[in-house]
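Letter by letter, the chains look like this.
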Amino acid sequence: MMNKQGRSTHGAADEHAHFETISGDRGLDHEEPLIFEIGRLGKCGVDLPEPEIKHDRLGGLRRRGTVGLPGLSEPEVVRHFVRLSRMNYAIDAGLYPLGSCTMKHNPRLNEKMARLPGFADIHPLQPVSTVQGALALIEQLAHWLKLLTNMPAVAMSPKAGAHGEQCGLKAIKAAHKAHGQKRNVILVPESAHGTNPATAALVGFTVEEVPANERGRVDLAALKAKLGPNVAAVMLTNPNTCGLFENDMREIADAVHKAGAYFYCDGANFNAIVGRVRPGDLGIDAMHINLHKTFSTPHGGGGPGAGPVVLSEALAPFAPLPLIVHYDNGFKLIEDDAEAKARDLKPFGRMCAFHGQMGMFVRAMAYMLSHGADGLAQVAGDAVLNANYVLASLKDVMSAPFGQGPCMHEALFDDAFLKDTGVTTLDIAKALIDEGYHPMTMYFPLVVHGAMLIEPTETESKRALDDFIAVMRGLAEKAQGNDKSRFQGAPFLAPRRRLDETAAARKPVLRWTPSAKSTAQAAE
Amino acid sequence: MMIETRYTKDHEWVRLDGGIATIGITDYAAEQLGDVVFVELPKVGKAIEKGGEAAVVESVKAASEVYAPIAGEVVEVNSAIEGEPANVNAEPMGAGWFIKLKVKNAAEVGALMTEAQYRDYLKGL
């Protein structure tokens, strides 16, 4: 075997490649135990002074036993987590094709800005006069979000996409209540993110599904037929989870409003249209914006999400507290109902204790300012271009159910190309791990069979896309070439082989219990 | 008399015996779902409308509702599959049944697909 540079990948030591090491580690692949198995009870990595307790006020609640936390020195802790991190996959390590997740690069400039002491070292309970700069930044970000969506108001505090959905639906519920309406049904298309029906149920609504048409879009006639006096809102994602633009938006909005309902848009895929389409122009009433997708703030294991919600004129008065307002000497916060009422506002409550994810606001603002309005329009353009490049490069060897036209930011494939091969979508995902990639999104959306959803984002270069496409083509050809053994049991080269997901779900082990050996050690 | 099994487009089966209908999901549905890891069944005594939610089934791939193909009152549920969801995959048409309904209108069962019709329906998928 030769690698891409033409050098042999078979070293002289190849014949020894399968021997067992004494340590159990394999070169740079460390077999890392759990922290509870390395640490020792009673050991402490730092010298802490004995606490001086003058009056014990715990009464009978004083702890008698040990806490049971493992004791490790600082280098042991650092090594443990560095070793674990090396078994992991990250956006900083490679392309992350997870569809519907928008795993784009997190620019280092964002990180630098978020670490400025004026943003990083402040506390939400500080006097408002000492955090005027932070409030100004939240206000400016809010202004940009309103501008980009052409919506009059925005609630900044929701801390994730689903939290934003909850905020939007609570505003809708409050609005119906204020108008004396008792509507309890939310219509959700069958291609929706799972969070949509879950949010509707959490806020106390009943969910009804709207089918998709043969073009992968919402079936307009079916939607209209379901609208009625009980429908509180329609939740729609645009572009939808098939990676397609819902092109009946105005007509849907008109029908929804005529029926006395509100139009919620799941903005998870806003990255495909930012700077090009303003959702306010499409007639929507509420939409959350995932700053951790569209505006490049970290997510997954990398950081918390942030899901501000833009609101229409009709819903704006119901926005949750706190609200930032201008006054003579800068900004202040409206924190209670009485103050809000004096301004003719009817906040439905609060989404969280304070004003939201400050660190993510700084990162998102840095991203917006470094791109500018024209740059953001290009972000959407490049994201769509990259996804279409993937779609066009793979649709002859894979099967694209809606591949007759272009897609938006993500390319959807089904498992028709695997028919009668004995290879499944899951097998392809696992084989992709062997090839050094995180798997694409699989078995979602549910509207196509054995779905594989690939979202490259705008941050991948043509070279990175070509490498990924070559791997996907190779796997598709192997699957069709009856090379089943390549897939069954994959991954072969990961730190762990294929895990038994069924057993993990049916009989989950949720708590670590000490082995006899570690119990004996602790007793020493 | 042999008890006939009827089928729905949502891949459920119904077996009517003396006014009590046993309902489950078909072999095809069980295979499509993949390994079932969780089943939520209704309470005995619950009245279910035709098309109403009768159960929730969750597999390694997805979670989905099982809708009642006919109206009736729940008289018995198969608690065994709540503890051992693997039964649904092992014997979907037998030990993996979901619920028994006291049928409101037996004609609703007659309107469902026969086995031959269901087989044809599967061929078209």
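Just above sits the structure.
Remember, it's a predicted structure, so these values are computed and weren't measured experimentally. (Residues numbered from 1 in each chain as written. Chains lettered and ligands numbered in written order. Predicted model: local features only at pLDDT ≥ 70, side-chain atom pairs only at ≥ 80, totals over all residues.)

## Examining the nonpolar core
- Among the nonpolar cores identified, the biggest contains 126 residues, and Ala233(A), Val234(A) and Leu311(A) are the most heavily contacted of them.
- Element by element, the count of residues in this core is highest for helix 11 (residues 358–394) of chain A, at 18 residues.
- Once residues lying within four places of it in the same chain are set aside, the contact partners of Leu311(A) are Met151(A), Ala153(A), Val154(A), Ala155(A), Ala171(A), Ala286(A), Ala316(A) and Ala319(A).
- Counting 32 residues, the second largest nonpolar core, distinct from the first, contains Ala68(B), Val74(B), Trp97(B) and Val103(B). (Core = buried A, V, L, I, M, F, W, Y, C linked by C-beta atoms within 7 Å. Buried ≥ 20, exposed ≤ 12 C-beta atoms within 10 Å, placed from the backbone. Helix = DSSP H or I, 4+ residues; strand = E, 2+ residues; numbered from the N terminus. Contact = placed C-beta atoms within 7 Å.)

## Focus on the interface of chain A and chain B
- In this assembly, six residues from chain A lie in contact with six residues from chain B.
- Broken down by class, the residue content of the side of chain A that touches chain B amounts to three nonpolar, one polar and two charged. (Nonpolar A, V, L, I, M, F, W, Y, C, P; charged D, E, K, R; others polar.)

## Considerations on helix 6 (residues 161–178) of chain A
All names here are of chain A.
- Look at helix 6: 26 Å from first C-alpha to last across 18 residues, which is about the 26 Å you get at 1.5 Å a residue.
- Across the 18 residues of helix 6, 14 count as buried, placing the element largely inside the fold.
- One or two steps after helix 6, the chain reaches glycine 180, where phi turns positive at roughly 70 degrees. (Expected span 1.5 Å × (residues − 1).)

## Concerning the sheet that holds strand 5 (residues 262–267) of chain A
All names here are of chain A.
- A sheet is described by the order of its strands in space; here seven strands give the open sequence 1-7-6-5-4-2-3, paired in mixed fashion. Because the sheet does not close on itself, it has two edges, and the strands there are strand 1 (153–155) and strand 3 (206–210). Along the sheet, successive strands turn relative to each other by an average axial angle of 25 degrees, direction set aside.
- Where strand 6 (residues 286–289) meets strand 7 (residues 309–311), three bridges bridge the pair, whose relative direction is antiparallel. Bridged to methionine 287 within strand 7 is valine 310.
- Here helix 6 sits on the sheet in contact with strand 1, strand 4 (231–237), strand 5, strand 6 and strand 7, set at roughly 160 degrees to strand 6.
- In the packing of helix 7 (residues 195–202) onto the sheet, the strands contacted are strand 2 (185–189), strand 3, strand 4 and strand 5, and the crossing angle to strand 2 comes to about 175 degrees. (Pairing = 2+ DSSP bridges. Axes fitted to C-alpha atoms, helices over the stretch in contact; angles between N-to-C directions.)

Everything listed here is a matter of geometry and, on its own, says nothing about what the molecule does.
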